[in-house]
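Examination of the molecular architecture
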Amino acid sequence: MVWLAMLGLDFLLNGALFAGMYQGGGAFMLAPSEAFRRIPLGYAAFLILAAGIVEIAYRVRVLRIADGIRLGLAIGGVFGAVWGLSLYSIATLGAPVALAFAVIWLLLAVLGSAVAATGLSATSLRGLLLRVAAFDVLCAVIVIGLQSFGVVPTTRV
């Protein structure tokens, strides 16, 4: 469920908040058709991150959502800073794009850790699954709505 929540948030962040970044990212960014083809690789990366977050949350006994958020801030802060600085130091992307990637990793880790804590403390995962599914649907509706009304740019594949 951590992974599913991350997918919804990633769709919202990249389809709405940072959508313009993909149009003005310069030579650093792949062509839209190639980027679209590689989406499964990014989702595999999130699966690895989700498994790691759940394992860490389990080992350190993170069972409250507030503790999950703190864990996510620590994990996401480290990953985001390392990822953003590393890319900025070796690639042609600008500082705003590097910062956007850092923010994406931070937010994914915070959400993932909060969901992990909630799941680890639950007696049944049904309610959590329904909330994650509702969150994902809400993210999709927001992105589709913003793109439909021209508030955020769309990318043709």
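For the structure, check the block above.
Cut-offs applied
Residues numbered from 1 in each chain as written. Predicted model: local features only at pLDDT ≥ 70, side-chain atom pairs only at ≥ 80, totals over all residues. Heavy atoms only, no water. Axes fitted to C-alpha atoms, helices over the stretch in contact; angles between N-to-C directions. Helix = DSSP H or I, 4+ residues; strand = E, 2+ residues; numbered from the N terminus. Parallel < 35°, antiparallel > 145°, perpendicular 65-115°, else oblique. Contact = heavy atoms within 4.5 Å. Nonpolar A, V, L, I, M, F, W, Y, C, P; charged D, E, K, R; others polar. 1 Å grid on protein atoms, 1.4 Å probe; cavity = no way out; pocket = protein on both sides within 12 Å on 5 of 7 lines; lining within 4 Å. Points joined across faces, edges and corners; volume = space filled by probe spheres on them. Buried < 20%, exposed > 50% of the residue type's maximum accessible area, 1.4 Å probe, protein only. Phe/Tyr/Trp six-rings, centres within 6.5 Å; stacked < 30°, edge-to-face > 60°. Core = buried A, V, L, I, M, F, W, Y, C linked by side-chain atoms within 4.5 Å. Expected span 1.5 Å × (residues − 1). Arc of directions from axis to C-beta.

This part covers the packing of helix α6 (residues 95-121) against helix α7 (residues 126-148). Helix packing for two helices is described by the angle between their axes and how far apart those axes are. Where α6 contacts α7, the axes come no closer than 10 Å and their chain directions differ by 155°. The angle between α6 and α7 falls in the class roughly antiparallel. Of α7, the residues touching α6 (which contributes Leu-111, Val-115, Thr-118 and Gly-119) are Leu-128, Arg-131, Val-132 and Phe-135. Looking at the contact of α6 with α7, its residues break down into five nonpolar, two polar and one charged.

Glancing now at the layout of surface pockets. Its volume calculated, the largest pocket comes out at about 1,400 Å³. For the largest pocket, the lining is made up of 35 residues, of which Asp-10, Asn-14, Tyr-22, Ala-35 and Ile-39 are closest to its centre. Those elements that place two or more of their residues in the lining of the largest pocket are α1 (2-17), α2 (19-23), α3 (32-37), α4 (39-59), α5 (65-90), α6 and α7. Class assignment for the residues of the lining of the largest pocket results in 25 nonpolar, eight polar and two charged.

We now examine the environment of Ala-109. Along the chain, Ala-109 turns up in helix α6. Owing to a relative accessible area of 0%, Ala-109 belongs among the buried residues under this scheme. For Ala-109 and Gly-119, which are ten residues apart along the polypeptide, the C-alpha to C-alpha distance reads 15 Å. Excluding residues that lie within four positions of it along the chain, Ala-109 makes contacts with Ile-53, Gly-72, Ile-75 and Gly-76.

Let's shift gears to the packing of aromatic side chains. For the structure on display, the rule yields four aromatic pairs. Between Tyr-43 and Phe-46, the ring centres sit 6.0 Å apart and the planes meet at 35°, which makes this aromatic pair tilted. With Tyr-43 and Phe-46 both in helix α4, this residue pair falls three residues apart, about one helical turn. With relative accessibility at 25%, the residue Tyr-43 sits in the partly exposed group. Among the residues examined, Phe-46 registers a relative accessible area of 8% and is labelled buried.

Here the phi dihedral of Arg-61 falls at roughly 55°; this positive angle occurs in a residue that is not glycine. Its place among the elements puts Arg-61 in the loop between α4 and α5. Overall, Arg-61 belongs to the exposed group, its relative accessible area being 66%.

Let us now look at the nonpolar core. Of all hydrophobic cores here, the largest spans 33 residues; its most connected members are Met-6, Met-21, Ile-53, Phe-101 and Val-115. Counting only elements with at least two residues in this core, the list comes to α1, α4, α5, α6 and α7. Looking at this core, the element that brings in the most residues is α6, giving twelve residues. Setting aside its immediate chain neighbours within four residues, Met-21 contacts Asn-14, Met-29, Val-97, Ala-100 and Phe-101.

For the rest of this paragraph, the subject is α4. Helix length check: α4 (21 residues) gives 30 Å between terminal C-alpha atoms against 30 Å at 1.5 Å per residue, within 8%. Within α4 the residues assigned to the buried category are Phe-46, Leu-49, Ala-50, Ile-53 and Ala-57. Down the axis of α4, the buried set is contained in an arc of 105°. They therefore lie on one face. Exposed residues lying more than 90 degrees from the buried face of α4 are Pro-40, Leu-41, Ile-48, Tyr-58 and Arg-59. Those residues of α4 that are buried are in contact with α1, α5 and α6. Phi turns positive, to about 55°, at Arg-61, one or two residues after α4.

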